[in-house]
Amino acid sequence: MDIETLTLPFRFGFMQNAFLISILVSVPTALLSCFLVMKGWALMGDAVSHAVLPGIVLAYILGLPLMIGAFAAGMTCAMATGYLSNNSRVKQDTVMGVVFSGMFGLGIVLYVSIETTMHLDHILFGNMLGVDQSELWTAGIISVGVGLMLTLKWRDWLLHSFDPAQARASGLWVNWLHYGMLAALSLTIVATLSAVGLILAIGLLIAPGAIAFLLVRTFQQMLWVSVLVCMISMLLGTYASFFLDSAPAPTIILILTAVFIVAFIRRQRMTRRMSARRIEQA
């Protein structure tokens, strides 16, 4: 292909907006994915992303901004999960599965019971090619806020992720860190609504951190590598979808999955080489 064809996607306004929101969304999702992976909260991201649906529908019915409804529903799901897991014998992952599936079912029931011009597939799978200026501003503000919060206090959240008891003994406000992480998670999912939707948001909240975990040795490096991997994958997926005539969000997730597989194979080979060297030295 010639240069004119290769640069064709950058000439359209809707593609420019798609590239821009890819850059904005990649920062908070990648940073959060590192903490979710290290803390073992992968299912929490899945739970919150599914649970915001009833909040969106209720906000539409009440005439409120959809962002407010999504954030409120996400926090409700997170707090309900924490309360039930702390006050019952059921494990947290089981409680998460029950809560998020129940709230997702409630959202579907509410959606089909009303007449609306709001497309369900756009909520579930995103609409990157239809992003408007207000959605760009929302994603940008959330990205800056969550990004600054996580990068400035990453050591506190890292200690809380590994050892909450030690974090409390060190004088950290453990409850603030806990609910601050949940609030950041809910806000980030709100930012990704217009980009990849609810269903595919979990891919952005897990894959970048998992890939970085396989590639680097320190958590600080993990943060930067996850952002870089997520941003490049989102831009490449959006660019490739133009020529493949596919939806950008699933294309992005496929690229992240392929990168994860490559990183996993690389890590396995390195582990085998190290084991072989130890055997030779012994």
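### Some words on the overall build of the protein
Step number 1: Along the protein, the regular secondary structure elements total 13 helices and zero strands.
Step number 2: N-terminal to C-terminal, the α/β element order of the protein is α-α-α-α-α-α-α-α-α-α-α-α-α.
Step number 3: For the protein, whose C-alpha radius of gyration is 20 Å, the value lies close to the compact-globule estimate of 19 Å for 282 residues.
Step number 4: If one aligns the C-alpha atoms of the protein with their principal axes, the spans along those axes are about 70 × 60 × 30 Å.
Step number 5: A burial count over the protein gives 45% of its 282 residues as buried.
Step number 6: Considering only contacts in the protein between residues 6 or more positions apart, those separated by 24 or more positions represent 76%.
Step number 7: Just so you have it, the protein exposes about 14600 Å², and 66% of that area is on carbon and sulfur atoms.

### Digging into the pattern of salt bridges
Step number 1: Applying the stated rule across the entire model yields one salt bridge.
Step number 2: Notably, a salt bridge pairs Arg-11 with Glu-4, separated by 3.8 Å at the nearest N-O pair.

### Concerning the side chain of Thr-238
Step number 1: Position of Thr-238 among the secondary structure elements: in helix α12 (residues 219-244).
Step number 2: Relative accessible area serves as the criterion here: at 0%, Thr-238 is assigned to the buried category.
Step number 3: Within the local environment of Thr-238, its side chain forms a polar contact with the side chain of Ser-22, the two groups lying 3.3 Å apart.
Step number 4: Sequence-distant contacts of Thr-238, that is, excluding residues within four places in its chain, are made with Met-15, Ala-18, Phe-19, Ser-22, Met-128, Pro-248 and Ile-252.

### Details of unusual backbone geometry
The phi torsion of most residues other than glycine is negative, and most of the peptide bonds are trans.
Step number 1: Phi is positive for Asp-245, which is not a glycine, with a value near 55 degrees.
Step number 2: Tracing the backbone shows Asp-245 in the loop between α12 and α13 (248-281).
Step number 3: Here Asp-245 falls in the exposed class, since its relative accessible area comes to 72%.

### Digging into helix α8 (residues 154-162)
Step number 1: For α8, the full list of buried residues reads Trp-154, Trp-157, Leu-158, His-160 and Ser-161. The buried residues of α8 occupy an angular sector of 165 degrees when projected down its axis, which confines them to one face. Structural note: α8 exposes Arg-155 and Phe-162 on the side pointing more than 90 degrees away from its buried face.
Step number 2: Tucked into the core, α8 has its buried residues touching α2 (13-39), α7 (133-152), α9 (164-169), α10 (174-192) and α12.

### Here's the deal with the packing of aromatic side chains
Step number 1: Inspection of the entire model under this criterion finds eight aromatic pairs.
Step number 2: Taken together through their ring pairs, the aromatic side chains of Phe-10, Phe-12, Phe-14, Phe-19, Tyr-239, Phe-242 and Phe-243 make up a single cluster.

### With respect to the environment of Val-131
Step number 1: Tracing the backbone through its elements, the reader meets Val-131 in the loop between α6 (120-125) and α7.
Step number 2: For Val-131, a relative accessible area of 6% translates into the label buried.
Step number 3: For the pair formed by Val-131 and Ala-18, sequence separation is 113 residues and the distance between their alpha carbons is 6.8 Å.

### Things to note about the environment of Leu-20
Step number 1: Among the secondary structure elements, Leu-20 is positioned in helix α2.
Step number 2: Among the residues examined, Leu-20 registers a relative accessible area of 38% and is labelled partly exposed.
Step number 3: In this structure the C-alpha to C-alpha distance between Leu-20 and Ala-240, which are 220 residues apart in sequence, comes to 15 Å.

### Side note on a positive patch on the surface
Step number 1: A surface patch of positive charge is lined by Arg-269, Arg-272, Arg-273 and Arg-277.
Step number 2: Relative to the assigned elements, Arg-272 resides in helix α13.

### Considering the packing of α7 against α10
Step number 1: Two elements in contact, α7 and α10, have axes whose closest approach is 9 Å; the angle formed by their N-to-C orientations is 155 degrees. In terms of their interaxial angle, α7 and α10 are classed as roughly antiparallel. You can see that α7 and α10 cross each other, and the crossing is left-handed. Residues Ala-139, Ile-142, Val-146, Met-149 and Leu-150 of α7 pack against Gly-180, Met-181, Ala-184, Leu-187, Thr-188, Val-190 and Ala-191 of α10.

### Concerning the packing of α2 against α10
Step number 1: Put simply, α2 and α10 touch, their axes get as near as 10 Å, and they point 145 degrees apart. Judged by the twist between their axes, the crossing of α2 over α10 is left-handed. Counting all contacts with α2, which are made through Val-25, Pro-28, Thr-29, Leu-32, Phe-35 and Leu-36, the residues of α10 involved are Met-181, Ala-184, Leu-185, Thr-188, Ala-191 and Thr-192.
Step number 2: Of the residues assigned to the contact of α2 with α10, the class counts are nine nonpolar, three polar and no charged.

Scoring rules and cut-offs
- Residues numbered from 1 in each chain as written.
- Predicted model: local features only at pLDDT ≥ 70, side-chain atom pairs only at ≥ 80, totals over all residues.
- Heavy atoms only, no water.
- Helix = DSSP H or I, 4+ residues; strand = E, 2+ residues; numbered from the N terminus.
- Rg over C-alpha atoms; globule rule 2.2 N^0.38 Å.
- Buried < 20%, exposed > 50% of the residue type's maximum accessible area, 1.4 Å probe, protein only.
- Contact = heavy atoms within 4.5 Å.
- Areas by Shrake-Rupley, 256 points an atom, 1.4 Å probe, with all protein chains shown as cover.
- Salt bridge = Lys/Arg side-chain N within 4 Å of Asp/Glu carboxyl O.
- Polar contact = N/O pair within 3.5 Å; in protein donor to acceptor, adjacent residues only side chain to side chain.
- Arc of directions from axis to C-beta.
- Phe/Tyr/Trp six-rings, centres within 6.5 Å; stacked < 30°, edge-to-face > 60°.
- Patch = residues over 30% accessible without salt bridge, like charges linked within 9 Å, V, L, I, M, F, W, Y side chains within 5 Å.
- Lys, Arg positive; Asp, Glu negative; His and termini not counted.
- Charge placed at Lys NZ, Arg CZ, Asp CG, Glu CD.
- Axes fitted to C-alpha atoms, helices over the stretch in contact; angles between N-to-C directions.
- Parallel < 35°, antiparallel > 145°, perpendicular 65-115°, else oblique.
- Left-handed = near helix turned anticlockwise from the far one by under 90°.
- Nonpolar A, V, L, I, M, F, W, Y, C, P; charged D, E, K, R; others polar.

So far we have only geometry, and geometry alone does not tell us how the molecule works.
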